[in-house]
Amino acid sequence: MKNTKNHELIWEDCLKVIKDNISLQSYKTWFEPIVPIKFKSKVLTLQVPSHFFYEWLEEHYIDLLKKVIKKEIGADAKLEYSIIMDKSVDKKTPYTVKLPTSSKKNLSNTPVSMPLNVGENQIRNPFIIPGLKKVNVDSNLNPTYSFDNFVEGDCNRLARSAAFAVSNKPGGTAFNPLLIYGGVGLGKTHLAHAIGIGIKNQFPNKTVLYTQAETFTRQFIDSIKNNTTNDFINFYKLMDVLIIDDVQFFAGKEKTQDAFFHIFNHLHQTGKQLVLTADKAPVEMKGIEQRLLSRFKWGLSADVQPPGLETRIAILEKKIYGNGVDLPADVLEYLAYSINTNIREMEGALTSLIAQGSLNKKSITIELAKKMIDKFVKNTAREVSMDYIHKIVCDYFNLPIELLKSKTRKREVVQARQIAMYFAKKMTKWSLASIGAQCGGKDHATVLHACRTVNNLAETDKQFRGYLEDLEKKLNVN
């Protein structure tokens, strides 16, 4: 009997090659969720979790996939996708759609056009003052929040790519609804507005509306008081694109959720686009009805993470370029290192810094930046970020940061690493284990030993003590 590999072994061998050719994060995001389900007649069938997932693979990894599949199966090998979709309103059993890679162009969901029973002139618009006539709906979009002004990085690439796709084909992609979630000040609202602006630019006849969940709720309560609930719901059903910001605000408001549920169903069934933002993923939302949560999961839930250092610097550079000002590189780096979790705070600190320098006719220096940061970051005078400590220490000893975080035992690197650990223990609230993990994967005992070594050298070596004094001045932490 001929010993042939089954689909699982073939895919396992493919993954070994793929893993060596892409980043670990990309591998975990795009290849770990794939499940091999069949191998027959030299056709390998892979199950992917969504339509968007399929499109992303085809756009970014198809060349790599072709190479590894042909290597494992042969030159005449073929790849087939099995896409699981659960988009039925009545919660029918999920079904599988099998699609060859060559049919990518035929995959778009064509919007279904259905006439509304109610004319726009019969419905009261909750966004205008009663008694005033207004035919066109004001989209409530902020023109400054465009894709051109959005800085892309690893932290937001998936959300930005999905948002851009939606803006080019509203209601015609697999990610409907598109739910963008993440912490405060990371760019969710910016992307939501950018989608609306992109759609209005390309499809000026489409009715686009951006509103906050809090505003929606307040309008709904008013409609109950005024006995105009039907008008309220029918108004929202007229939208071609509905963007709701901070949907977690619906938590615990059962009647508001019920109204939004009916609006959601109508828009989705008629091929209209829904864009939602939230501070957490659907699975973590409390107080939202299960039937609504299940609908949030129909399309794509894309998260935005705190930006990395390079992205933070790029955001600041774009901001000062837009304002027509020039700042020293060390000032921008200090801002980027010091405020590392909230883009809004970082941009606010930059604006205040520019204003302070302009109004008081002061040159913007690193010293001025450090004073301003105190107003935006709690305990800044006593705590700095680990990234900033690494940067200052590495700049001082003329070492690349990657070397500091490596496992090399070269004397000059070991000494710089020990000093970085010493300052991190002294100036931050990080645990010893966390400090060690950021310095070449060391354990807490190594960090303690490093701190003792630095203290001993400071007492016995005048030159070494000078290093510490210089670095402490640069870090400016008492």
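Residues numbered from 1 in each chain as written. Predicted model: local features only at pLDDT ≥ 70, side-chain atom pairs only at ≥ 80, totals over all residues. Heavy atoms only, no water.

Colleague: Could you clarify how one ought to interpret the overall build of the chain in this entry?
Modeller: Within the chain, the regular secondary structure consists of 20 helices and nine strands. Per-residue burial over the chain gives 46% buried out of 478 residues. Counted over contacts in the chain with a minimum sequence separation of 6, partners at least 24 positions apart contribute 71%. Surface exposure of the chain reaches about 25200 Å², of which carbon and sulfur atoms provide 49%. (Helix = DSSP H or I, 4+ residues; strand = E, 2+ residues; numbered from the N terminus. Buried < 20%, exposed > 50% of the residue type's maximum accessible area, 1.4 Å probe, protein only. Contact = heavy atoms within 4.5 Å. Areas by Shrake-Rupley, 256 points an atom, 1.4 Å probe, with all protein chains shown as cover.)

Colleague: Which parts of the structure should I look at to understand the pairing of strand S2 (residues 43–48)?
Modeller: Consecutive residues of a regular strand have side chains that alternate between opposite faces of the sheet. Relative to S2, strand S1 (residues 35–40) runs antiparallel, the two sharing five bridges. Directly across from Val35, in S2, lies its bridge partner Gln47. Adjacent in sequence and paired antiparallel, S1 and S2 are bridged by two residues, among which Ser41 carries a positive phi angle near 55°. (Pairing = 2+ DSSP bridges.)

Colleague: Just checking my understanding: could you explain the side chain of Asp240 for this structure?
Modeller: With respect to the helices and strands, the residue Asp240 is situated in the loop between helix H8 (229–237) and strand S7 (241–245). At a separation of 2.7 Å, a polar atom in the side chain of Asp240 contacts the main-chain amide nitrogen of Thr207. Sequence-distant contacts of Asp240, defined by excluding residues within four places in its chain, comprise Asn205, Lys206, Thr207, Lys272 and Gln273. (Polar contact = N/O pair within 3.5 Å; in protein donor to acceptor, adjacent residues only side chain to side chain.)

Colleague: Where do I start with the nonpolar core in this structure?
Modeller: Generally speaking, nonpolar side chains in soluble globular proteins are found buried as a group. Counting residues in each nonpolar core, the largest one holds 54 residues, and the members touching the most others are Leu350, Leu353, Ile419, Phe423 and Leu468. At the level of elements, helix H11 (309–323), helix H12 (329–338), helix H13 (343–359), helix H14 (366–373), helix H15 (386–397), helix H17 (411–427), helix H19 (444–460) and helix H20 (462–475) are the ones that each hand at least two residues to this core. Sorting elements by how many residues they give to this core places H17 first, with nine residues. Once residues lying within four places of it in the same chain are set aside, the contact partners of Leu468 are Ile419, Tyr422, Phe423, Val454 and Ala458. (Core = buried A, V, L, I, M, F, W, Y, C linked by side-chain atoms within 4.5 Å.)

Colleague: Is there a simple way to explain the packing of H15 against H20 in this structure?
Modeller: Relative orientation of the contacting elements H15 and H20 amounts to 130°, with a least axis distance of 10 Å. Taken together, the axes of H15 and H20 lie oblique to each other. The two elements H15 and H20 meet at a crossing, and its hand is right-handed. Together, Tyr388, Ile389, Ile392, Val393, Tyr396 and Phe397 of H15 and Gly466, Tyr467, Asp470, Leu471, Lys474 and Leu475 of H20 make up the contact between the two elements. Here the residues of the contact of H15 with H20 are counted per class, giving nine nonpolar, one polar and two charged. (Axes fitted to C-alpha atoms, helices over the stretch in contact; angles between N-to-C directions. Parallel < 35°, antiparallel > 145°, perpendicular 65-115°, else oblique. Left-handed = near helix turned anticlockwise from the far one by under 90°. Nonpolar A, V, L, I, M, F, W, Y, C, P; charged D, E, K, R; others polar.)

Colleague: What exactly am I supposed to notice about the environment of Leu332 here?
Modeller: Here Leu332 shows up in helix H12. Under the relative-accessibility criterion, Leu332 is labelled buried at 4%. On a C-alpha basis, the gap between Leu332 and Leu316 in space is 6.8 Å, while along the polypeptide they are 16 residues apart. Residue contacts for Leu332: discarding those within four places in its chain leaves Leu316, Glu317, Ile320, Leu327 and Leu350.

Colleague: Would you mind going over the packing of aromatic side chains with me for this structure?
Modeller: Each aromatic ring pair is characterised by the separation of its centres together with the angle its planes make. In total, this model carries 19 aromatic pairs according to the counting rule given. Here a set of aromatic residues connected by ring pairs shows up, and it is made of Phe216, Phe220, Phe232, Phe235, Tyr236, Phe250, Phe260, Phe264, Phe296 and Trp298. Lying over the aromatic face of Phe164, Arg160 brings its terminal NZ or CZ to 4.9 Å of the ring centre. Here Lys253 stacks its cationic end above the ring of Phe249, 4.1 Å away from the centre of that ring. (Phe/Tyr/Trp six-rings, centres within 6.5 Å; stacked < 30°, edge-to-face > 60°. Lys NZ or Arg CZ within 6 Å of the ring centre and 35° of its normal.)

Colleague: Teacher, can you tell me more about the sheet that holds strand S6 (residues 208–212) here?
Modeller: Consider a sheet: its strands pair through backbone hydrogen bonds, and that pairing is either parallel or antiparallel. Spatially, S6-S7-S8-S5-S9 is the arrangement adopted by the five strands of the open sheet, whose pairing is parallel. The open sheet has two edge strands with one neighbour each: S6 and strand S9 (300–304). If you compare each strand with its neighbour and ignore which way they point, the axes differ by 15° on average. Sitting on the sheet, helix H7 (residues 213–225) is in contact with S6 and S7, with an inclination near 90° to S6.

Colleague: Teacher, can you tell me more about the confidence of the model for the chain here?
Modeller: Regions with low pLDDT should not have their predicted coordinates read in detail. When the pLDDT values of the chain are averaged, the result is 78; 82% of them are 70 or greater. Highest mean pLDDT in the chain belongs to strand S8 (residues 273–278) (94); lowest belongs to strand S4 (residues 95–100) (37). Overall, residues 129–135 carries pLDDT values under 50, and its contacts beyond four positions in sequence, including any with other chains, amount to two contacts. Low pLDDT, under 50, characterises residues 378–382; the predicted model gives this stretch ten contacts beyond four residues in sequence or across chains. (pLDDT = per-residue confidence, 0-100.)

Colleague: How do you make sense of the pattern of salt bridges when you look at a structure like this?
Modeller: Two side chains that carry opposite charge are able to pair once their charged atoms sit near each other. With the rule as written, the count across this model stands at eleven salt bridges. For Arg291, the salt bridge identified is with Asp258, shortest N-O distance 2.5 Å. Taken together, the positions of Arg291 in helix H10 (residues 290–296) and Asp258 in helix H9 (residues 254–269) put the pair 33 residues apart, joining distant regions of the chain. Since its relative accessible area comes to 25%, Arg291 is described here as partly exposed. In this structure, the salt-bridge partner of Glu472 is Lys426, at a minimum N-O distance of 3.1 Å. Linking Glu472 in helix H20 with Lys426 in helix H17, this pair joins segments that are 46 residues apart in sequence. Exposure remark for Lys426: the relative accessible area of 43% places this residue in the partly exposed category. Salt bridges linked by common partners bring Glu152, Arg157 and Arg160 together as one network. (Salt bridge = Lys/Arg side-chain N within 4 Å of Asp/Glu carboxyl O.)

Colleague: Even after reading the chapter, I still don't get the pairing of S7, so can you show me in this structure?
Modeller: S7 sits mainly inside the fold: five of its five residues count as buried. What you see with S7 is no split at all: Val241, Ile243 and Asp245 on one side and Leu242 and Ile244 on the other are buried throughout. Note that S6 and S7 share five bridges and pair parallel. Across the sheet, the residue bridging to Thr211 is Ile244, located in S7.

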